[in-house]
Amino acid sequence: FVYGGSPSGRPQDPARFAVRGSLFAPDVAVPGVRRGLVLGASLLFLRGEEFACGDPDCDGFDADSGAAPVVRYERFAGEATVGARPGPFERLHATFRYERLRAFHAGSVPPAPGAEPAIAMGASNVSAITGTWELDTRDDFFLPREGLRALVQVTFGSRLLGGDYEYSRYLLNLDTSFALLRAPLRFQASLGAAQGDPPFFERFY
């Protein structure tokens, strides 16, 4: 749960916050199956806003950031995950996500042309399927001293699934840890790409 309160300069505006709850079972035993199933579910509700100035820093509104043009939005999302474990350190699963979005303009002036975040005004839907392969040989989840975590993920969003956004998203993540002078060190590398017309929160910055 994250709470941001009302934006600066606009105390009467709705508060910004996000809350997410998840349940994840990484190894559900099934009679007659050598390795267990992977099952998960999550819910997300978020209320936020993004600046829609002509420049990233909104320099023209330094004296009164509350007057800057913004796009206010809400996200209500649910996810369901099912998968399997091909090996003792691997997980292969698919996730279906459905989101209901609502976005509208706020602020004392209209957004600058082309400065709005990538989200449809009014009500819209995101419907996507994500496939994930994960390898995790780390010796500890929070403070690993050795091992590797690799993740390959592909997401497809489409109107054929009931959404309003056509896009694909690709992510490769590598994370390795080792101990040096009794201290755990961690190195992480990520490579991602998005194509089509994903909403702004599905894009890479």
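Residues numbered from 1 in each chain as written. Predicted model: local features only at pLDDT ≥ 70, side-chain atom pairs only at ≥ 80, totals over all residues. Heavy atoms only, no water.

K.L.:
Describe in detail the pairing of strand 7 (residues 146–157), supporting the description with residues and values.
P.N.:
Pairing analysis gives nine bridges linking strand 6 (residues 122–136) to strand 7, with the strands arranged antiparallel. Of the residues in strand 7, the one forming a bridge with Thr 130 is Thr 155. The pairing of strand 7 with strand 8 (residues 167–180) spans twelve bridges and is antiparallel. Bridging from a neighbouring strand, Ala 150 pairs with Leu 174 of strand 8. (Pairing = 2+ DSSP bridges. Helix = DSSP H or I, 4+ residues; strand = E, 2+ residues; numbered from the N terminus.)

K.L.:
Explain the packing of aromatic side chains to me, using residue names and the numbers behind them.
P.N.:
Summed over all chains, the structure comprises five aromatic pairs. Both rings, one in Tyr 73 and one in Phe 200, keep their centres 5.2 Å apart while their planes meet at 85 degrees; by these two values the pair is edge-to-face. Of the two residues, Tyr 73 sits in strand 4 (residues 70–84) while Phe 200 sits in the segment after strand 9 (183–196), which places them 127 residues apart along the sequence. The exposure class of Tyr 73 is buried, given its relative accessible area of 8%. You can call Phe 200 buried: its relative accessible area is 7%. Each member of the aromatic cluster is reached from another via a ring pair, and the members are Phe 17, Phe 45 and Phe 76. The ring of Phe 201 is capped by Arg 75, whose NZ or CZ atom sits 3.7 Å from the centre of that ring. (Phe/Tyr/Trp six-rings, centres within 6.5 Å; stacked < 30°, edge-to-face > 60°. Buried < 20%, exposed > 50% of the residue type's maximum accessible area, 1.4 Å probe, protein only. Lys NZ or Arg CZ within 6 Å of the ring centre and 35° of its normal.)

K.L.:
With reference to specific residues and values, describe the state of the cysteines.
P.N.:
In protein structure, a disulfide is the covalent linkage between the sulfur atoms of two cysteines. On inspection of all chains with the given rule, the structure shows one disulfide. The disulfide bridge from Cys 53 ends at Cys 58, spanning 1.8 Å between sulfur atoms. Because the torsion about its S-S bond is 95 degrees, the bridge between Cys 53 and Cys 58 counts as right-handed. Here the two residues Cys 53 and Cys 58 agree in accessibility, since each one is buried. (Disulfide = S-S within 2.5 Å.)

K.L.:
Describe the layout of surface pockets, listing the residues and the values that go with them.
P.N.:
Quantified by volume, the largest pocket comes out at close to 610 Å³. Taken together, the elements giving at least two residues each to the lining of the largest pocket come down to strand 2 (16–28), strand 3 (37–51), strand 4, strand 5 (90–106), strand 6 and strand 7. Looking at side-chain class alone, the lining of the largest pocket contains seven nonpolar, eleven polar and ten charged residues. (1 Å grid on protein atoms, 1.4 Å probe; cavity = no way out; pocket = protein on both sides within 12 Å on 5 of 7 lines; lining within 4 Å. Points joined across faces, edges and corners; volume = space filled by probe spheres on them. Nonpolar A, V, L, I, M, F, W, Y, C, P; charged D, E, K, R; others polar.)

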